[in-house]
Amino acid sequence: MTRRIALAILFSAWAVVLVALVVIYFATRHTMVAELDESIIMRASALPQLVGVSQENSSAVLPPGDRYMIRNELGQVIARPQGRLSSRASPSVINRKFVSLADGGRLRSITLNLSLRASEDQPEQLATIVYSAPANALDNLLKRMTILLCAVGLGGGLLIGAVAWHVSRAALRPLRQTADVIGTIDERKLDRRVEATALPSELRPMAERLNEMLARLEREFAQRKQFLADTAHELRTPVAAILTHLEVTLRRPREAAALADALRTSLSDVQLLRRLVDALLEQVRSDRPMAAAQTTRIDVSALLEQCATLADALASVKNVQIVRKFPSGLRAYAQPVALQSIVTNLLANAVEYSHADGSVELTCRLAGGQLELSVKDNGPGISPDVLPHIFQPFYRADGSHGSSDGHLGLGLFLIQSHAKSMGGRCEVQSTIGAGSIFRVELPALPPASGNSATINEEDAGAASDVIESSRVAMET
Amino acid sequence: MKLLVAEDHAKLARSIATGLREEGYSVDLTFDGTEAAHLLASNQYDCVILDIMLPGKEGWAVLDETRQRGNRAPVLCLTARDAPEDRVRGLDLGADDYLIKPFDWDELLARVRALIRRAHGQASVVIRIGDLEINTLSKTVRRGSSAITLSAREYALLHYLALRAGQVVSRTDVWEHLYDQEEELSSNVVDVYIGYLRSKIDKPFDVKLIHTRRGHGYMLAAAGGNES
């Protein structure tokens, strides 16, 4: 880039300089030749008087190297014109040219017509004079000027080149400095920003976009870091419980019943851990861009019916009715694994928080290319200070930590994670004492072409796990 | 020695309490921060095992409140968060030690022993009073060249008296430090156990180590002082 800008400046500026030098050369040459011509014409005009007066060999009185030839009207060469220059007529130049001599020198030769009269009473007669003067002085001067101008052209080129290089480097320095700053940024230094105000105005939008991107990445990384820290905490507590329980139990000889009890307790903790790991894996899977490749045209109604049947088993324990409010044969583009996880999680949640003998409504419709799902319960509702936090991972409304009650605190987080990865959204409305409605909107159109071609074996495998993963979600 | 275990994960808390009781400590157990603060305000504990993420009141708040009240009971913070800033915060708020979940059971026991020792200005695991030698690690007692066998309760009482050797220890102190809320004991249990200890430690020997201060309590000391 620097070289390209420098070369562009160099060639354009140098071309201007060279053209200027050529113009100077020709203008100077023209002026010098004109001066010489004028001097030659003066000398030629003075010739009649000169040679007329002098009776001797005329060449003796001419400047050295000058020579001439005079012809009369008839074209005869005459040695000496008779008369003096007519006062009325001025000499008219017929021809001017350079004549090369055998010895390498050059002459400037001018042919002009003069009207002469011998005396006042005699008629005018025309004479043609060819007057030549050596052009050595002019040639030398022009030669020297050519050398000088060539030197100026070359030196100017070098100078322009240096300046152009410097200017282009200076112009690109902010870009380089920006690149240096960007080069230092890694996942631990995402709080760094490019100095947009120091950049030329053309580069500022780029720097601002870059800073916006960094801010987004910083937020995203902070969220992930928090999620990871929370996950570590959630995994450590059951592990600590298992470890301590087994260590304390093994410290002394125990009866078979006590040992069996220790094993049972540890087993239930391990099962909790397994569910936690499954849920975390599901979350990680929903985050992958490849998940989009799973989008296919499916019978949404059949899938919802399947989810509702799974939830019926859970609901029957509390005598809760799951009311299906969706048309049959509803077909749309969706990701079956993620959609099933969303619906089963929402239903399990609703059943859990429903009053005994209550009902849970599952509705679904297709509108404007969007799949609109809702799950409504008539439970106690969610208080307004808890509501903004319920989609946070591991959040528990009662302020407790850890999963000692068997709840992972990941269900709603997973739902939102799935919805987001499909380009949709999930929101909740809740009234204390009346219940809550969770609404999920998902795009129901085929994915952009090109994506659909990238299905790989792993994802195909994941799609066949629909029932398996939704069973995990039910427990979550 | 009486310990408080405040941990909201019920299974973990019960395991810790069981393990500690089997080591001869009396243990109060709570799953809630508010109750932990309340117990700390009304009891004298020799060591507190405090989870940071407690419902009701966070461990930080419990710790801060306890130290503000001038309670100097050694506190071992138990947490699944291992970020350095969490440790620094805990130690700055007056925690004496820090243990990350999951932990090694032997390490927890060693740290509890060390905290109790340090709180009583005791650097070594072996306490010597005259020719009486108490090894707090192996829980064995010798006097001169003869080994003395003690029951768990007798050992606990001797250990407590030894930690406060040279000081008069009231019956209430003994009661407070040796028996937890789950036990129902008669009011003269302290005197009964002092009697047992005397018969094993002092009776066979000329120099008596356990002294009674009428109206005040008991004292374990090499030089008798004013016996009454």
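What counts as what
- Residues numbered from 1 in each chain as written.
- Chains lettered and ligands numbered in written order.
- Predicted model: local features only at pLDDT ≥ 70, side-chain atom pairs only at ≥ 80, totals over all residues.
- Heavy atoms only, no water.
- Contact = heavy atoms within 4.5 Å.
- Buried area = accessible area lost by both parts, 1.4 Å probe.
- Salt bridge = Lys/Arg side-chain N within 4 Å of Asp/Glu carboxyl O.
- Polar contact = N/O pair within 3.5 Å; in protein donor to acceptor, adjacent residues only side chain to side chain.
- Helix = DSSP H or I, 4+ residues; strand = E, 2+ residues; numbered from the N terminus.
- Buried < 20%, exposed > 50% of the residue type's maximum accessible area, 1.4 Å probe, protein only.
- Phe/Tyr/Trp six-rings, centres within 6.5 Å; stacked < 30°, edge-to-face > 60°.
- Pairing = 2+ DSSP bridges.
- Axes fitted to C-alpha atoms, helices over the stretch in contact; angles between N-to-C directions.

Novice: Just checking my understanding: could you explain the interface of chain A and chain B for this structure?
Specialist: How big an interface is tends to be expressed through the accessible area that disappears when the partners come together. Across the contact, 24 residues belong to chain A and 26 residues belong to chain B. Surface buried jointly by chain A and chain B totals about 2,200 Å² across both partners, of which 53% is contributed by carbon and sulfur atoms. Along the contact surface separating chain A from chain B lie six salt bridges. Between A:Arg251 and B:Asp106 there is a salt bridge, with its nearest N and O atoms 2.9 Å apart. Scanning the region where chain A abuts chain B turns up 11 residue pairs in polar contact (both at pLDDT 80 or more).

Novice: Explain the side chain of A:Ser109 to me, please; I cannot follow it from the model alone.
Specialist: All names here are of chain A. Summarising the element assignment, Ser-109 is placed in strand E5 (residues 106–117). According to the relative accessible area criterion, Ser-109 is buried, its value standing at 5%. A polar contact is formed between the side chain of Ser-109 and the side chain of Ser-132, at a distance of 3.3 Å. When sequence neighbours within four positions are dropped, the list of residues in contact with Ser-109 reads Asn-95, Arg-96, Lys-97, Val-99, Val-130, Tyr-131 and Ser-132.

Novice: I would appreciate a short explanation of the packing of aromatic side chains in the present structure.
Specialist: Pairs of aromatic rings are described using the distance from one ring centre to the other and the angle between the two planes. Residues and elements named next belong to chain A. One pass over the full model with this rule turns up five aromatic pairs over all chains. Their ring planes at 15 degrees and their centres at 5.9 Å tell us that Phe-227 and Phe-394 sit as a pair that is stacked. Remark: Phe-394 occurs in the loop between strand E11 (370–377) and helix H7 (411–421) and Phe-227 occurs in helix H3 (residues 204–250); sequence separation between them is 167 residues. Taking relative accessible area as the criterion, Phe-227 reaches 13% and is therefore assigned buried. Given the relative accessible area of 7%, Phe-394 is considered buried. Considering the side-chain rings of Phe-227 and Phe-413, the 5.0 Å spacing of their centres and the 35 degrees angle between planes classify their relative orientation as tilted. You can see Phe-227 sitting in helix H3 and its partner Phe-413 sitting in helix H7, a full 186 residues away along the chain.

Novice: In this structure, what is going on with the sheet that holds strand E6 (residues 126–129) of chain B? I would like to understand it.
Specialist: Think of a sheet as strands paired side by side through backbone hydrogen bonds, with each pair either parallel or antiparallel. All names here are of chain B. One open sheet accounts for four strands, arranged E6-E7-E8-E9; its pairing is antiparallel. Each edge of the open sheet is held by one strand with a lone partner, namely E6 and strand E9 (146–148). For this sheet the average axis-to-axis angle between neighbouring strands, irrespective of direction, equals 25 degrees. Sheet contacts for helix H6 (residues 152–163): E6, strand E7 (132–135) and strand E8 (140–143); angle to E7, the most-contacted strand, approximately 110 degrees.

Geometry only, nothing functional implied.
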